[in-house]
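# Close look at the chain arrangement
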Amino acid sequence: MTDNIRTYTREDETTTEEETQTEQGEKEQCPECGGRVISDTEHAETVCQDCGLVVEEDEIDRGPEWRAFDAAEKDEKSRVGAPTTNMMHDQGLSTNIGWQDKDAYGRSLSSRQRQKMQRLRTWNERFRTRDSKERNLKQALGEIDRMASALGLPENVRETASVIYRRALEEDLLPGRSIEGVATAALYAAARQAGTPRSLDEISAVSRVDKMELTRTYRYVIRELGLEVQPADPEHYVPRFVSDLDLSDETERMARDLLESARQEGVHSGKSPVGLAAAAVYAAALLTNEKVTQNDVSEVASISEVTIRNRYKELLEASDSAAPA
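Since we're looking at a predicted model, the values are computed, not measured.

## A short note on the overall build of the protein
Helix and strand content of the protein: 13 helices and three strands. Looking at the protein as a whole, 37% of its 325 residues qualify as buried. Within the protein, contacts between residues separated by at least 24 positions form 63% of all contacts whose residues are at least 6 apart in sequence. Looking at the protein as shown, the accessible area adds up to about 19,700 Å², and 46% of this sits on carbon and sulfur atoms.

Given below as structure tokens:
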């Protein structure tokens, strides 16, 4: 009878719980012969290794149905979904029906099945936004994602902007203001908080609201929510300008040194951080013998050439003053 029993030993246990259950099962004894019992996970049974007696049957296997041979493979085969995120109005917990009209095996659906899936998608979208507040949130988060993509902002900025907008919605700050205006203000504040600021002109270029409405809404939101937003540091703009102009690391270091000299001399006070950063990059490029024109820097920074010329002279004078005699 022993020969007819097929035992199964898993070489690679995938969970600590399974290892504990196996160890406990091996310690138990057969009620008939006192032999050692083992867990047969393939047949969901606990059997005696000596006499073949089935001690327990129809056991629930709480482990995965697949085997993983390393940590990376285990993560790839995980059945859990994506983590919750504030960048979606339902935090990513609702069902999303894919747009491909194919089944689980990759085969195309029939015409009747495609019509059925389209109806299901329509109703699924309707049920995902149950009230006006959720529809408002869905539209705003979509705007934040669109603008952040256009501005090349990282995911942490989008997440922070989504949290700011949720707070504004919860504290009833939207009446009398447009959804796009508050969403743009939230993104602008989040970018400054994360140290990856964008200028008002850059934000306005991708937004559906004008610059005046943006500044007014931004001041209102940070005041009502008590957000701590530090003044933009010109050095935060330097890496992006240098990268867009395809300049060297030496030029970036020189630009940072010029801005530091300006800070020591108090030149930066009351000046636009974008203008200072653009002028520092232009001056550093000239000092390192790199070919770049005021027009090139002007297009990248979205400021006038006059501003670059004025700030450029002030930075060089501050650098000369700060230099040791």
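## Describing the pairing of strand β1 (residues 37-40)
Relative to strand β2 (residues 45-48), β1 is paired through four bridges, and the arrangement is antiparallel. Note on β2: the bridge partner recorded for Val37 is Cys48. Linkage of β1 to β2, two consecutive antiparallel strands, is achieved through a turn of four residues, within which Ala44 is found at a positive phi near 55°.

## Side note on the pairing of β2
One ladder, built from two bridges, connects β2 with strand β3 (residues 54-56); its direction is antiparallel. Bridge assignment links Thr46 to a residue of β3, and that residue is Glu56. Between β2 and β3, which pair antiparallel in sequence order, lie five residues; one of them, Gly52, sits at a positive phi of approximately 80°.

## Some details on the packing of aromatic side chains
Applying the stated criterion to the full structure yields three aromatic pairs. Ring centres of Tyr282 and Tyr312 lie 5.2 Å apart, and the angle between their planes is 70°; this geometry places the pair in the edge-to-face category. Note that Tyr282 is positioned in helix α11 (residues 273-287) and Tyr312 in helix α13 (residues 305-322), a separation of 30 residues in sequence. We classify Tyr282 as buried; its relative accessible area is 10%. Against the face of Tyr220 rests Arg177, its NZ or CZ located 3.5 Å from the ring centre.

## Some thoughts on the pattern of salt bridges
Two side chains of opposite charge can pair, provided their charged atoms sit close to one another. In this structure the tally under the stated criterion is 15 salt bridges. Notably, a salt bridge pairs Glu224 with Arg223, separated by 3.8 Å at the nearest N-O pair. Among the residues examined, Glu224 registers a relative accessible area of 39% and is labelled partly exposed. Overall, the relative accessible area of 55% leaves Arg223 in the exposed class. A salt bridge links Arg309 to Glu305, with the shortest nitrogen-to-oxygen separation between them at 3.9 Å.

## A short note on helix α4 (residues 132-151)
Taking 1.5 Å of rise per residue, 20 residues should cover 28 Å, and α4 covers 29 Å from first to last C-alpha, within 8% of that figure. Of the positions making up α4, those classed as buried are Glu134, Asn136, Leu137, Ala140, Leu141, Glu143, Ile144, Met147, Ala148 and Leu151. Gly152 occupies a position one or two residues after α4 and carries a positive phi of about 70°.

## Points about the sheet that holds β1
The antiparallel open sheet is built from three strands, whose spatial order is β1-β2-β3. Each edge of the open sheet carries a strand with a single partner, namely β1 and β3. Strand after strand, the sheet turns through a mean of 35° between neighbouring axes, direction not considered.

## Some remarks on the confidence of the model for the protein
Summing up the model confidence of the protein, the mean pLDDT is 80 and the portion of residues at 70 or higher is 80%. In this model, residues 1-17 is a region of pLDDT below 50 whose contacts with residues beyond four sequence positions or in other chains number 32 contacts.

## Some points on the packing of α11 against helix α12 (residues 294-301)
Where α11 contacts α12, the axes come no closer than 10 Å and their chain directions differ by 145°. Crossing handedness for the pair α11 and α12: right-handed. For the pair α11 and α12, contact is made by Val274, Ala278 and Tyr282 and by Gln294, Val297 and Ala301, respectively.

## Here we look at the nonpolar core
Ranked by internal contacts, the top residues of the largest apolar core, which has 36 residues, are Ile164, Tyr165, Leu187 and Val221. Breaking this core down by element, the ones donating at least two residues are α4, α5 (155-170), α6 (179-193), α7 (200-206) and α8 (211-225). Here Tyr165 is in contact with Asn136, Leu137, Ala140, Ile144, Leu174, Ile179, Val182, Ala183 and Ala186, once residues within four sequence places are set aside. Among the nonpolar cores identified, the runner-up in size contains 31 residues, and Val274, Ala278, Ala284 and Ala285 belong to it.

## Structural notes on the packing of α4 against α6
Where α4 contacts α6, the axes come no closer than 9 Å and their chain directions differ by 50°. Taken together, the axis directions place α4 and α6 in an arrangement best described as oblique. Regarding α4 and α6, the two cross each other, and that crossing is right-handed. Here Asn136, Gln139, Ala140, Glu143, Ile144, Met147, Ala148 and Leu151 of α4 lie close against α6, whose contacting residues are Ile179, Glu180, Ala183, Thr184 and Leu187.

Cut-offs and rules
Residues numbered from 1 in each chain as written. Predicted model: local features only at pLDDT ≥ 70, side-chain atom pairs only at ≥ 80, totals over all residues. Heavy atoms only, no water. Helix = DSSP H or I, 4+ residues; strand = E, 2+ residues; numbered from the N terminus. Buried < 20%, exposed > 50% of the residue type's maximum accessible area, 1.4 Å probe, protein only. Contact = heavy atoms within 4.5 Å. Areas by Shrake-Rupley, 256 points an atom, 1.4 Å probe, with all protein chains shown as cover. Pairing = 2+ DSSP bridges. Phe/Tyr/Trp six-rings, centres within 6.5 Å; stacked < 30°, edge-to-face > 60°. Lys NZ or Arg CZ within 6 Å of the ring centre and 35° of its normal. Salt bridge = Lys/Arg side-chain N within 4 Å of Asp/Glu carboxyl O. Expected span 1.5 Å × (residues − 1). Axes fitted to C-alpha atoms, helices over the stretch in contact; angles between N-to-C directions. pLDDT = per-residue confidence, 0-100. Left-handed = near helix turned anticlockwise from the far one by under 90°. Core = buried A, V, L, I, M, F, W, Y, C linked by side-chain atoms within 4.5 Å. Parallel < 35°, antiparallel > 145°, perpendicular 65-115°, else oblique.

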